[in-house]
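# Structural characterization, general
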Amino acid sequence: MAISLKAMDYFTTALRHGNIAKAATELNIAASAVSAAIDQIETAFDLTLITRQRSRGIEATASGRLLAQKFEALLEDYRSVLSEGADLKAALKGTLRIGYYAPIAPAFLPSILSSFVPEDSQVMLHLEECDNDGAQEGLLNGRYDAILFVSEDVRPTIDFDVLVEAPAYCLLPKSHRLAKESSVTMAQIAGEPLVVLNRPVAASYYQSLFDGQSKEISIAAYANSTEMVRSLVSAGHGCAVLNMQPLTSTSYSGAKVVGLPISDPLPPLTLAIGYDKSRPRRLVQHFVDACRAHFSHAGPQRCLVEKHQA
């Protein structure tokens, strides 16, 4: 059975709103036409693509999200053909869904997005923080168009580009006796109480950095968010080892922290962007290009603590 572009448009609009009636209002058609388009597409693929809930609310299944993503790519190409000759940036429209396992993403994602999304655009952004495995699963099942994640734990089926290799650094309260040093060693850090970022991939990585230390490390606190780690450190609960830093030295609690490079040779963590390279939508490709541009220029200098050159 052939599926019309109109049916694809009705289907993706309904999923974007999560509501058939609201989609019908936007499209200026009867709600029954939207419902019929959904039924037609489910019949054509012999799949359950949405679940209907009370008050006409709907939610896409994993198959529904993946199919909607492909429909949006087709519709975007179609609209682009119709608007050929128009400015490319003005032609950008649709939904961009980003999953990120990057604790300081709020420090750089908004500026990256504003660099290519026009103020009067028809672009809807969906940003979702998740763990590293959840980000990759979401890309594979169509929940996300692109993901920011740590590629040390990458699945073999994920296509990705490396954005930046982030070296480990030590976070200290500004009043700490080591805060005025130009760098610290792992031996010095091991002698301090530690606040550990307890997130998947990160926790095991930080633990591995202390392998071989003669001193038994003392854990003062575990926290599953970078800002909680920063606040605990700023309040004097201990020091921490992290890889990327926000643009401010002030924690949520209002106290100051200092990031110092670690002189030991340590493996970095790699921030990467994952997306479907075979045929990315224009909106996704623009996002990928903007991420590359950011981290190839000012990005690393603003979010990394580099070792001082001798």
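The structure contained in this document is the topic of the report that follows. None of the values given here were measured: they were computed from a predicted structure. (Residues numbered from 1 in each chain as written. Predicted model: local features only at pLDDT ≥ 70, side-chain atom pairs only at ≥ 80, totals over all residues. Heavy atoms only, no water.)

### Side note on the sheet that holds strand β11 (residues 257–261)
Overall, antiparallel pairing links the three strands, which are arranged β10-β7-β11 in an open sheet. If you trace the sheet from one side to the other, it starts and ends with β10 (240–242) and β11, each paired once. Pairwise comparison of adjacent strand axes, ignoring direction, gives a mean angle of 35 degrees for this sheet. In this structure, strand β7 (residues 169–173) lies alongside β11, joined through five bridges in antiparallel fashion. Paired with leucine 172 across the bridge in β11 is valine 258. On top of the sheet, helix α10 (residues 226–234) reaches β7, β10 and β11; it is set at about 50 degrees to β7, its chief contact. (Pairing = 2+ DSSP bridges. Helix = DSSP H or I, 4+ residues; strand = E, 2+ residues; numbered from the N terminus. Axes fitted to C-alpha atoms, helices over the stretch in contact; angles between N-to-C directions. Contact = heavy atoms within 4.5 Å.)

### Digging into the pattern of salt bridges
A full pass over the atoms with the stated rule returns 18 salt bridges. Salt-bridge contacts for aspartate 39 lead to arginine 52; the nearest nitrogen and oxygen are separated by 3.3 Å. Taken together, the residues aspartate 39 in helix α3 (residues 31–45) and arginine 52 in strand β1 (residues 50–52) connect sequence positions 13 residues apart. Overall, the relative accessible area of 35% leaves aspartate 39 in the partly exposed class. Here arginine 281 makes a salt bridge to aspartate 145, at a shortest N to O gap of 3.3 Å. Placement of the pair is arginine 281 in the loop between β12 (269–275) and α11 (282–296) and aspartate 145 in the loop between α7 (132–140) and β5 (146–150), with a sequence separation of 136 residues. Note on accessibility: arginine 281 and aspartate 145 belong to one class, buried. When salt bridges that share partners are traced, they join Glu72, Glu76, Arg97, Asp145 and Arg281 into one network. (Salt bridge = Lys/Arg side-chain N within 4 Å of Asp/Glu carboxyl O. Buried < 20%, exposed > 50% of the residue type's maximum accessible area, 1.4 Å probe, protein only.)

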